[in-house]
Amino acid sequence: IRQQSKKDSFFTTANGRIKSVKSQYYGYGKHILIDHGFGIRTLYAPMNESNVNRGQKVKRGDVIGYEGSRSRSTDTHLHYEIIIKNKKFNLLIFLN
């Protein structure tokens, strides 16, 4: 068993409450959805392991899980989405 390191961790980007912790064979694989209020949610996937539960409060910077890989991917990675009022946004608009 490989020990998880800080670099393998998924950190929350803002305070919120865990809306769901799900696992799917296809699509996102194991993933977490966080509700930040005001119609803003973030999604983190795919995970090897999560360490939060539905309904749990989280603060910015909390570790919510550890990176993993989906069924068809070849390496671990982070899929991160910002969803505002049920619309997914391109992250580049927040970085520019």
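Since this is a predicted model, take the numbers as computed values, not measurements.

Reading guide: rules and limits
Residues numbered from 1 in each chain as written. Predicted model: local features only at pLDDT ≥ 70, side-chain atom pairs only at ≥ 80, totals over all residues. Heavy atoms only, no water. Buried < 20%, exposed > 50% of the residue type's maximum accessible area, 1.4 Å probe, protein only. Helix = DSSP H or I, 4+ residues; strand = E, 2+ residues; numbered from the N terminus. Pairing = 2+ DSSP bridges. pLDDT = per-residue confidence, 0-100. Axes fitted to C-alpha atoms, helices over the stretch in contact; angles between N-to-C directions.

1. Focus: the pairing of strand β4 (residues 40-45)
Phase 1 of the analysis: A large share of β4 lies buried, amounting to 5 of its 6 residues.
Phase 2 of the analysis: Sheet topology note: the strand β3 (residues 31-37)/β4 ladder contains 5 bridges and is antiparallel. When the bridges of β4 are listed, aspartate 35 appears paired with arginine 41.
Phase 3 of the analysis: Counted along the chain from β3 to the antiparallel partner β4, the turn is 2 residues long, and its residue phenylalanine 38 has a positive phi close to 60 degrees.
Phase 4 of the analysis: As defined by bridge partners, β4 adjoins strand β8 (residues 79-84) across 6 bridges and the pair is classed as antiparallel. Bridging across to β8, threonine 42 finds its partner in isoleucine 82.

2. What about the confidence of the model for the protein?
Phase 1 of the analysis: Scored by pLDDT, the protein has a mean of 84; 81% of the residues are at 70 or more.
Phase 2 of the analysis: Across the protein, strand β6 (residues 57-58) holds the top mean pLDDT of 98, while helix α1 (residues 92-95) sits lowest at 75.

3. Comments concerning the pairing of β3
Within a regular beta strand, the side chains point alternately toward one face of the sheet and then the other, so they alternate between its two faces.
Phase 1 of the analysis: The buried fraction of β3 amounts to 5 of the 7 residues, a majority that puts the element mostly inside the structure.
Phase 2 of the analysis: Two elements, strand β2 (residues 16-22) and β3, share 5 bridges in a ladder whose sense is antiparallel. Each bridged residue has a counterpart across the sheet, and for arginine 17 the counterpart in β3 is aspartate 35.

4. What about the sheet that holds strand β5 (residues 47-50)?
Phase 1 of the analysis: Strand order across the open sheet formed by 3 strands is β1-β7-β5, with antiparallel pairing between neighbours. The sheet terminates laterally at β1 (9-11) and β5, the two strands that pair on one side only. Each strand axis lies, on average, 35 degrees off the axis of its neighbour in the sheet, ignoring direction.
Phase 2 of the analysis: Direction of pairing for β5 relative to strand β7 (residues 63-67): antiparallel, over a ladder of 3 bridges. Looking at the pairing, methionine 47 lines up with glutamate 67 of β7.

5. Notes on unusual backbone geometry
Phase 1 of the analysis: Cis rather than trans, the peptide bond between alanine 45 and proline 46 has omega equal to -25 degrees.
Phase 2 of the analysis: As for its placement among the helices and strands, proline 46 is situated in the loop between β4 and β5.
Phase 3 of the analysis: Non-glycine residue lysine 85 carries a positive phi angle of around 50 degrees.
Phase 4 of the analysis: Looking at the secondary structure, you find lysine 85 in the loop between β8 and β9 (87-89).
Phase 5 of the analysis: Of note in the backbone geometry, asparagine 86 takes a positive phi value of approximately 65 degrees without being a glycine.
Phase 6 of the analysis: Here asparagine 86 lies in the loop between β8 and β9.

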